[in-house]
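# Descriptive structure summary
The lines below spell out each chain.
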Amino acid sequence: MPVTLLVFGIYHGLMQVIYRAGVIHESSMAKIDYYQGLTLHGVINAVVLTTFFAVAFGHATIIYYLKKEPGKLMARISMWLMIIGTLMAAAAMFSGQASVLYTFYPPLMATPFFYLGAALLIVGSWFAFFGWIKTYREWRRENPGVKTPLAVLGTIINFTIWFACTLAVAYEVLVLLLPWSMGLVKTVNVPLARMLFWFFGHALVYFWLLPSYIMFYTMLPKIAGGKLYSDNAGRLALFIFLILSVPVGVHHQFSEPVFERSTKLFQSILTYGVALPSFITAFTIAASLEYAGRKRGAKGLFGWMAKLPYWDKNNFLFAYLICGLILFIFGGATGIVNASYSLNSIVHNTDWMPGHFHMTVAGPVFLAILGMSIYLLSKLSGKEIKYKSFVTIVPYLWLIGVLIFSTGLMWGGLLGEPRRTNLGMTYTNPDNSLYNPNWVPTTMLALVGGIIMTVSAVLYFLAFFATAFSKKSFEPHLDFPTAEVVHEEKELTILSNFRPWLVLMVVVILVAYIPALTDTFKFKGPGAPAYKTDNPMPVDLNNF
């Protein structure tokens, strides 16, 4: 289901670059409005696909590494709540009643069905997590003193982050936005709603990313032909994410005057801290890959890089994970720019921002999802993967496309090119008085990258759906390539006990967000009426 919806997500991504490059000088195409398409692109790709994948992959890791299957009742409740919620939100977006973008920022208003659908999607994912916790506790009782598998540790940490951050967005949707969209209240506290979204919205980035990290640590060394350099390094990186993923959301709101400077300063410092697990991972995975390259006979300082299995069709997962890591280098570097309050004020409302997050979300996150989805489809259905050459080429084409696309966006952002804007109506339309020729090369570069990304996605869809509709050729089974460690390390109690990390997580969240929450009430203003994207005047709720 999510891969089917992804077809629409990719299509609307392509339409965005076509609009912005000035190829189309209209507000809509094929009866889909620009902002309607932008909402579909963001919600399908960044929320629906990632949530479904995280739940499916998490379920698979729990089963495979604990050798115990969670209760089917909780899994089925989870699945049906997520499906019903997604269909409700999709219907609202496709009908044009929820053109509120991925952030669904008030005072833009959607139909109540969109908010209910989003809530059901989130709550459905909770049921899966609760089922895993029960299974994990049973496994602990049955295996006293046995170290928790790294993949299971990562899955539980990831969904602990997810549960904590989605409590805020569930409150925003159910308490603030839903009554407002139903006309039960006339205005909404915009600063509070946006703060609650970013309490969820930045932690969401790590919810996307941690399944990739699990693959990097537990599978990539094995796929490369080597071993994991340090299991303890992986555990430490995951626990640091547990502490710092949630309490940094306000750095997305540095441009909003409602937050005092002290609040923004503390958030900026915490954001730099999130770079620590990424540096740990960069060193550990590079060391693991070097070990693999040297086992394959590499010589010299960097000779190991040439010995890795880049084009092995029977080992295609390597291509998806290594291309994701390459993109993540650029995504992480540009993210450090965004964490700086002074630099953020220059680039925040420009195309620099989508250039950055496409290198992260469309990099290691998206490529890991694509690679693991077709891998699991094959294993669990007992079907040989079709068009393996396409499957192997996809990540390299995608890598090239994203680098070109994001370069165009960030170059344009440094020239002041605005984001969230249909540039083809004005700034890249030679017939308009606002035409800016400086933004033509940058938007055209982004268009070239977007076309390459779309070609890559089409090749993937051909292989995925050809595999899905083919005949079974072997017995279905669940199997993951799992890396051994280079050497057994001393087990550290601090890296196997959740309790102190959970306590620290709560403390840091409270210290970070009590001042932010206070600011949203202290400077909330009179409250905002509802608006739609096509009209600068407030909405008449009687005719909405």
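The structure contained in this document is the topic of the report that follows.

Cut-offs and rules
- Residue positions are counted from 1 within each chain, in the order its sequence is given.
- The predicted origin of the model limits local features to residues at a pLDDT of at least 70 and limits the giving and counting of side-chain atom pairs to 80 or more, whereas totals for whole chains, interfaces and linings rest on all residues.
- Processing note: side-chain calculations cover all non-hydrogen atoms of the structure and skip hydrogens and water entirely.
- Helix and strand definitions follow DSSP, with helices as H or I runs of at least four residues and strands as E runs of at least two, each counted in order from the N terminus.
- To estimate the expected span of a helix, subtract one from its residue number and multiply by 1.5 Å.
- We define the bend at each residue as the angle formed by axes fitted to the 7 residues ending at it and the 7 residues starting at it.
- Buried means the residue's accessible area, taken with a 1.4 Å probe over protein chains only, is under 20% of the maximum for its type, while exposed means over 50%, and partly exposed covers the values in between.
- Working definition of a nonpolar core: buried Ala, Val, Leu, Ile, Met, Phe, Trp, Tyr and Cys residues. They are joined through side-chain atoms within 4.5 Å.
- Contact between two residues is taken to exist if any of their heavy atoms lie within 4.5 Å; hydrogens are not considered.
- Each patch groups residues whose relative accessible area exceeds 30% and which form no salt bridge, using 9 Å between like charges and 5 Å between nonpolar side chains of Val, Leu, Ile, Met, Phe, Trp and Tyr.
- For the area figures, the Shrake-Rupley method with a 1.4 Å probe applies, and any residue is considered shielded solely by the protein chains shown.
- Each reported salt bridge corresponds to a side-chain nitrogen of Lys or Arg within 4 Å of a carboxyl oxygen of Asp or Glu.

### As for helix α5 (residues 150–181)
Helix length check: α5, at 32 residues, gives a terminal C-alpha distance of 43 Å against a target of 46 Å (1.5 Å per residue), a fit within 8%. The sharpest bend along α5 measures roughly 30 degrees and falls at V173. Taken across its 32 residues, α5 has 27 buried, putting it largely inside the fold. Of the residues trailing α5, G183 is marked for its positive phi of about 80 degrees.

### Some thoughts on the nonpolar core
If you look at the biggest cluster of nonpolar residues, it comprises 183 residues, and the most contacted ones within it are F114, M372, W398 and F480. Per element, the largest residue contribution to this core is 21 residues, and it comes from helix α6 (residues 190–218). In this structure, M372 is in contact with F53, F57, M215, M219, L317 and F480, ignoring residues within four places of it in sequence.

### Some details on helix α9 (residues 261–273)
One turn of an α-helix holds 3.6 residues; hence residues three or four places apart share an orientation. The terminal C-alpha atoms of α9, which comprises 13 residues, lie 19 Å apart, in line with the 18 Å expected from a rise of 1.5 Å per residue. Residues of α9 that are buried: T263, K264, Q267, S268, L270, T271 and G273. On its buried face, α9 sits against α8 (231–244), α10 (275–295), α11 (317–339), α12 (341–347) and α16 (498–522).

### A look at a nonpolar patch on the surface
A surface patch of nonpolar side chains, about 390 Å² in accessible area, is lined by F266, V503, L504, V507 and V511. The leading source of residues in the nonpolar patch is α16, at 4 residues. Within the secondary structure, V511 is located in helix α16.

### A short note on the pattern of salt bridges
One pass over the structure, following the stated rule, counts 12 salt bridges. The residue E142 makes a salt bridge to K68 at a minimum N-O spacing of 3.4 Å. Remark: K68 occurs in the loop between α2 (34–66) and α3 (72–94) and E142 occurs in helix α4 (residues 112–142); sequence separation between them is 74 residues. Among the charged side chains, a network of salt bridges with common partners joins K68, K134, E138 and E142.

### Overview of the environment of Y427
Structurally, Y427 can be placed in the loop between α14 (388–414) and α15 (440–468). Here Y427 falls in the partly exposed class, since its relative accessible area comes to 25%. Residue contacts for Y427: discarding those within four places in its chain leaves P418, T421, L434, Y435, N436 and W439.

### A short note on the side chain of T426
When you line up the elements, T426 lands in the loop between α14 and α15. Overall, T426 belongs to the buried group, its relative accessible area being 19%. Those residues in contact with T426 that lie beyond four places of it in its chain are N432, L434 and Y435.

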